[in-house]
Amino acid sequence: MPNANPFKTAQAQLDEAAARLGLDEATHELLRWPQLEVKVTLPVEMDDGKIKIFHGYRVQYNGARGPTKGGLRWHSGQGGMDTVRALAAWMTWKTAVVDIPLGGGKGGITCNPKELSGREKQRLARAYMRAVAKILAVTKDVPAPDVYTTPQIMAWMMDEYETLVGEHHPGVITGKPIPLGGSEGRGDATARGGVIILREAAKVLGMDLNGKTMAIQGFGNAGQFAALLGQEILGLKLVAVSDSCGAVYNPRGLDARKMVDYKLRNGCVGDFPDAEGISNADLLELDVTVLFPSALENAITGENASRIKCRISCELANGPTTLDADEILHQNNVFVLPDFLANAGGVTVSYFEQVQNTYNYYWSLDMVHERLDEKMTRAFRGVYEMSRREQVNMRQAAYLVAVARVAEACKLRGWV
Ligand code: NAD
């Protein structure tokens, strides 16, 4: 299912959890759908003076546990509303599994940011904010960066929002640059959280990861920091990296710092010296200890799952594994650290950012790291214990923990 509809995947994953939890019909049906979705059409002036029309989305999936929260993706193939719905559903389970008092949301614009100048990006960011501002607020719904969106884009959007309401509201968006109220530690938080989850997984599996190999699919925010922190914190040896232009492999090891510098300088990893070019598909099938899927949805499917040889798949991307692939990985003893657990570090530090913005007093990097570690470790243990108790895999266990929490909040509110 390389083109599996991510929202159908998300609903099917929920259905399974709902059946195991014995959810009543109304609660189950409520959790299958977003509470609010908005589609906006954005006319934006390009640098040549022509007006181009962009399509944008914002979905508030479930706000029973708190204001909805979730990133904004700028991508040409982002699949429209159904992809945003799926990502918003996963955000709902993510905030619940790490037990932060937020719901789940997501947004996006269909565009190719690589074709836009800085000024065009700024006009697009501001146009999007003008269109969706009325459904956003620290107390309603708070966006953040995702694929191809950056702290600079968050800064423009925050400025547009504050201009519209005529007050300072830095907490209306997270992932901002630090001088504008961003949090220390937000930049690498997604990967750091994943590495903490991986550290805990290695403990329960009785594995020492020092000197073992890792391959990284997707070399943006999540993937680059996974390379650096996997090497620094766990002693993993980076052997392969891919991005949208290609993949490279060196079984003797690639220096993570040099790889990141090369990517930042050249835009693509493909011609990195001292490494063999391989296909993006081959990277996923390498015989490595840890694979970090860190690009987009549907990377591991029923077609390639039986050839995946890693021992642990630490899913930093959202939805990288289709339903049928999940089953095959489980049968083949691949220990999958599911996306909304493994990549929850980003939203956790975004939440810390919101907290700091609200009381207008900022934490040290050490404090952010300590609190992130505590949240992620606790989340891992809760999910692992559930998987042992219910004899289910880690994804199913994460769903049981998260869906039960959201269902409980819906019931306490008297919605169902
Ligand atoms: P990014 O835009 O910084 O990087 C995306 C990377 O993926 C780029 O290097 C791109 O070249 C690469 N890519 C795209 N298609 C590819 C393909 N077919 N094969 C290999 N590489 C490919 O995005 P990001 O923020 O790192 O997000 C990556 C994933 O992590 C997404 O699924 C996102 O939803 C998820 N995620 C990100 C955050 C965050 O805080 N940034 C938090 C949670 C989850």
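Quick notes on the rules
Residues numbered from 1 in each chain as written. Predicted model: local features only at pLDDT ≥ 70, side-chain atom pairs only at ≥ 80, totals over all residues. Heavy atoms only, no water. Helix = DSSP H or I, 4+ residues; strand = E, 2+ residues; numbered from the N terminus. Rg over C-alpha atoms; globule rule 2.2 N^0.38 Å. Buried < 20%, exposed > 50% of the residue type's maximum accessible area, 1.4 Å probe, protein only. Contact = heavy atoms within 4.5 Å. Areas by Shrake-Rupley, 256 points an atom, 1.4 Å probe, with all protein chains shown as cover. Lys, Arg positive; Asp, Glu negative; His and termini not counted. Charge placed at Lys NZ, Arg CZ, Asp CG, Glu CD. Near = heavy atom within 4 Å. Polar contact = N/O pair within 3.5 Å; in protein donor to acceptor, adjacent residues only side chain to side chain. Nonpolar A, V, L, I, M, F, W, Y, C, P; charged D, E, K, R; others polar. Pairing = 2+ DSSP bridges. Phe/Tyr/Trp six-rings, centres within 6.5 Å; stacked < 30°, edge-to-face > 60°. Lys NZ or Arg CZ within 6 Å of the ring centre and 35° of its normal. Core = buried A, V, L, I, M, F, W, Y, C linked by side-chain atoms within 4.5 Å. Salt bridge = Lys/Arg side-chain N within 4 Å of Asp/Glu carboxyl O. Axes fitted to C-alpha atoms, helices over the stretch in contact; angles between N-to-C directions.

(A) Region of interest: the overall build of the chain. For the chain, the count of helices and strands is 14 helices and twelve strands. A compact globule built from 416 residues should have a C-alpha radius of gyration of about 22 Å, and the chain, at 20 Å, falls within 12% of that. Principal-axis analysis of the C-alpha atoms gives the chain an extent of 55 × 55 × 40 Å. Burial analysis of the chain (416 residues in total) assigns 59% to the buried set. Taking as baseline every contact in the chain between residues at least 6 positions apart, the subset at least 24 positions apart corresponds to 70%. A total accessible area of about 16,700 Å² is found for the chain, and carbon and sulfur atoms account for 50% of it. Computed over 46 positive and 48 negative side-chain charges, the separation of the two mean positions in the chain equals 2 Å.

(B) Looking closely at the site of the ligand. Around the ligand there are 25 residues in total, and Asp146, Tyr148, Thr190, Asn221 and Asn318 lie nearest to it. Separating an oxygen atom of the ligand from a side-chain N or O atom of arginine 186 is a distance of 3.2 Å. Across the complex, the protein chains shield 87% of the 830 Å² of accessible surface that the ligand would expose by itself. Taken together, the elements giving at least two residues each to the shell around the ligand come down to α7 (221-234) and β7 (237-243). Residue composition of the shell around the ligand, grouped by class: eight nonpolar, eleven polar and six charged.

(C) Structural detail: the pairing of strand β10 (residues 290-293). Residues Val290 and Phe292 line one face of β10 and the alternating positions Leu291 and Pro293 line the opposite face, and both faces are buried. Looking at chain direction, strand β6 (residues 213-217) and β10 are connected through four bridges and run parallel. Note that in β10 the partner of isoleucine 216 across the bridge is phenylalanine 292. Across two bridges, β10 lies against strand β11 (residues 312-314) in parallel orientation.

(D) How the structure looks around the packing of aromatic side chains. Tallying each qualifying case throughout the model produces eight aromatic pairs. An aromatic cluster is present here, built from Tyr61, Trp93, Phe340 and Tyr399 joined pairwise through their rings. The residue whose ring lies beneath arginine 371 is tryptophan 363, and the NZ or CZ to ring-centre distance is 4.4 Å.

(E) Expanded view of the nonpolar core. Membership of the largest hydrophobic core comes to 91 residues, with the highest contact counts inside it found for Trp93 and Leu337. Among the elements that line this core, the one with the most residues is helix α14 (residues 394-412), at twelve residues. Residues within four places of leucine 337 in sequence aside, it is in contact with Ile197, Leu198, Ala201, Ile312, Ser313, Cys314, Glu315, Ala342, Phe380 and Met394. Counting 29 residues, the second-largest nonpolar core is a separate cluster that includes Ile109, Cys111, Ala133 and Trp156.

(F) Fine view of the pattern of salt bridges. Following the criterion strictly, the structure yields 28 salt bridges and no others. Note that arginine 73 is salt-bridged to glutamate 297, the shortest N-O span being 2.6 Å. Placement of the pair is arginine 73 in strand β3 (residues 68-74) and glutamate 297 in the loop between β10 and β11, with a sequence separation of 224 residues. Neither arginine 73 nor glutamate 297 differs from the other in exposure class; each is buried. Ionic pairing is found between glutamate 285 and arginine 307, a salt bridge with its closest N-O pair at 3.1 Å. Separated by 22 residues along the polypeptide, glutamate 285 in the loop between α9 (280-284) and β10 and arginine 307 in the loop between β10 and β11 bring together distant segments of the chain. Because the salt bridges share partners, they merge into one network encompassing Arg199, Glu200, Lys203, Asp373 and Arg381.

(G) Local environment of the sheet that holds strand β12 (residues 335-337). Taken in spatial order, the seven strands line up as β9-β8-β7-β6-β10-β11-β12 in an open sheet, and their pairing is mixed. Both edges of this open sheet fall to β9 (276-278) and β12, since each of them pairs with a single strand only. Within this sheet the neighbouring strands show an average axis-to-axis angle of 20 degrees, counted without direction. Here α7 sits on the sheet in contact with β6, β7 and β10, set at roughly 170 degrees to β6.

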